[in-house]
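As a plain string of letters, each chain reads:
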Amino acid sequence: DTEVTQTPKHLVMGMTNKKSLKCEQHMGHRAMYWYKQKAKKPPELMFVYSYEKLSINESVPSRFSPECPNSSLLNLHLHALQPEDSALYLCASSQVSGAIPEAFFGQGTRLTVV
Amino acid sequence: ELKVEQNPLFLSMQEGKNYTIYCNYSTTSDRLYWYRQDPGKSLESLFVLLSNGAVKQEGRLMASLDTKARLSTLHITAAVHDLSATYFCAAGTNFGNEKLTFGTGTRLTIIP
C-alpha cells in the first residue's frame, strides 16, 4: 500500500470559518508533510512532522495550524483564512531512515476561500 | 538557501521527437527527484536519483544526475501525446525529514 489519502478533495470556506484538512497513510512512514501549491506554481513546503513532532515550520501564518495525532494521521486546521490562501494543499509522507527517503504524495485538497 | 531552476518553462514538441529538460540546483544535494503532475492532479513520482552518475529509465523517459555539476536531466525519447503534463524536479535536503525544494516546473505539450 503506497497510498496517502487526503480528505476532503474539495473545500470551499468563508473567511470566518474553521475547517480541517485530513491526511492518512499506512506505510509506516514516520515523516509527514504539508505542501501548498498555487496555480501554475511548484509546491512549497509548509510543515514537516518527524516522529509525530513538528520539526519544520516554514514561517507559515498562524491561521494554519498543523497537528499530528499519531503516526498515521496528519491534520491541518484552518481558521480565518484569506482568499489568497486558495490553493491545492498536498500531504506527503516518507521514511525517516532508510536508503530512499522518497516522499509519496496524496491527491490533494483543493481549497477555495471566499 | 537551496534554489532549483528548471528550463525550459514551457515545451511544445511534436510526437516522435526527442527533447531534454534541465534541472540545476544551487547547493549540495545528493538526492534529486522527478515528478509528473497532470492538470488538477497530485504529484506522481517518476524517478529517484541518489548518487552521482545515476541514470534511470522508464519507458520513453530517462533521468540522470551529475552532482558535481549540480545538474539533472530528464530526456524524452520519441514523445507521445500521453506524456503531456507538467514535470517538476525537486532536490532533497535535511535527510531524515526529506525537505523538497521544487523547480519551477516544465509544462510539456506533445502535439500530434
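From a predicted model like this one, the values you see are computed outputs, not experimental measurements. (Residues numbered from 1 in each chain as written. Chains lettered and ligands numbered in written order. Predicted model: local features only at pLDDT ≥ 70, side-chain atom pairs only at ≥ 80, totals over all residues. Heavy atoms only, no water.)

## Quick word on the overall build of chain A
Summing up its helical and strand segments, chain A has zero helices and eleven strands in all. Shown N-terminal to C-terminal, the secondary structure of chain A runs as helices and strands in the order β-β-β-β-β-β-β-β-β-β-β. Here the C-alpha radius of gyration of chain A, 13 Å, is about what a compact globule of 114 residues would show, namely 13 Å. Counting only C-alpha atoms and orienting by the principal axes, one finds that chain A spans roughly 45 × 25 × 20 Å. (Helix = DSSP H or I, 4+ residues; strand = E, 2+ residues; numbered from the N terminus. Rg over C-alpha atoms; globule rule 2.2 N^0.38 Å.)

## What about the environment of L88 of chain A?
Position of L88 of chain A relative to the elements: it lies in strand 9 (residues 87-94). Among all residues touching L88 of chain A, those that are not within four sequence positions of it are Y35, K36, Q37, Q107, G108, T109 and R110 of chain A together with Q37 and K41 of chain B. (Contact = heavy atoms within 4.5 Å.)

## Some details on the pairing of strand 1 (residues 4-7) of chain A
Residues and elements named next belong to chain A. Side-chain alternation along strand 1 places V4 and Q6 on a buried face and T5 and T7 on a face that remains uncovered. The sheet contact formed by strand 1 and strand 3 (residues 18-25) spans four bridges and is antiparallel. Pairing of T5 across the sheet is with E24, part of strand 3. (Buried < 20%, exposed > 50% of the residue type's maximum accessible area, 1.4 Å probe, protein only. Pairing = 2+ DSSP bridges.)

## Things to note about the interface of chain A and chain B
Listed per partner, the contact involves 29 residues of chain A and 23 residues of chain B. With both chains or domains summed, chain A and chain B bury close to 1,900 Å², and 58% of this area falls on carbon and sulfur atoms. Of all residues in chain A, the largest losses of buried area upon contact with chain B belong to P101, E102 and F105 of chain A, amounting jointly to 24% of the total for that side. Across the contact surface, chain A and chain B share one salt bridge. The closest approach of N and O atoms between K99 of chain B and E58 of chain A, which form a salt bridge, is 3.4 Å. For the pair chain A and chain B, the interface holds six residue pairs in polar contact (both at pLDDT 80 or more). Put simply, the parts of the chain that give the side of chain A that touches chain B at least two residues each are strand 4 (31-37), strand 5 (44-50), strand 6 (53-57) and strand 9 of chain A. A per-element tally of the side of chain A that touches chain B places strand 4 of chain A first, with four residues. (Buried area = accessible area lost by both parts, 1.4 Å probe. Salt bridge = Lys/Arg side-chain N within 4 Å of Asp/Glu carboxyl O. Polar contact = N/O pair within 3.5 Å; in protein donor to acceptor, adjacent residues only side chain to side chain.)

## Here we look at the environment of Y51 of chain A
Residues and elements named next belong to chain A. Counting through the fold element by element, Y51 comes out in the loop between strand 5 and strand 6. Y51 sits in the partly exposed class, given a relative accessible area of 43%. A C-alpha to C-alpha distance of 6.4 Å links Y51 and A31, two positions 20 residues apart in sequence. Each residue touching Y51, except ones within four places of it in the same chain, is listed here: R30 and V96.

## So, the environment of A80 of chain A
All names here are of chain A. As for its position among the elements, A80 is in the loop between strand 8 (73-79) and strand 9. What makes A80 partly exposed here is its relative accessible area of 30%. Between the C-alpha atom of A80 and that of E3, which follows or precedes it by 77 residues, the distance is 31 Å. Contact partners of A80, with chain neighbours within four places excluded, come to M15, N17 and R63.

## Side note on the sheet that holds strand 8 (residues 71-76) of chain B
Residues and elements named next belong to chain B. Pairing in this open sheet of five strands is antiparallel, and the strands run 1-3-8-7-6 from one edge to the other. One side of each edge strand has no neighbouring strand; the edge strands of this open sheet are strand 1 (4-7) and strand 6 (55-58). Sheet twist, expressed as the average angle between the axes of neighbouring strands with direction ignored, equals 15°. Relative to strand 8, strand 7 (residues 61-66) is paired through six bridges, and the arrangement is antiparallel. From the neighbouring strand, D66 faces strand 8, where its bridge partner is L71. (Axes fitted to C-alpha atoms, helices over the stretch in contact; angles between N-to-C directions.)

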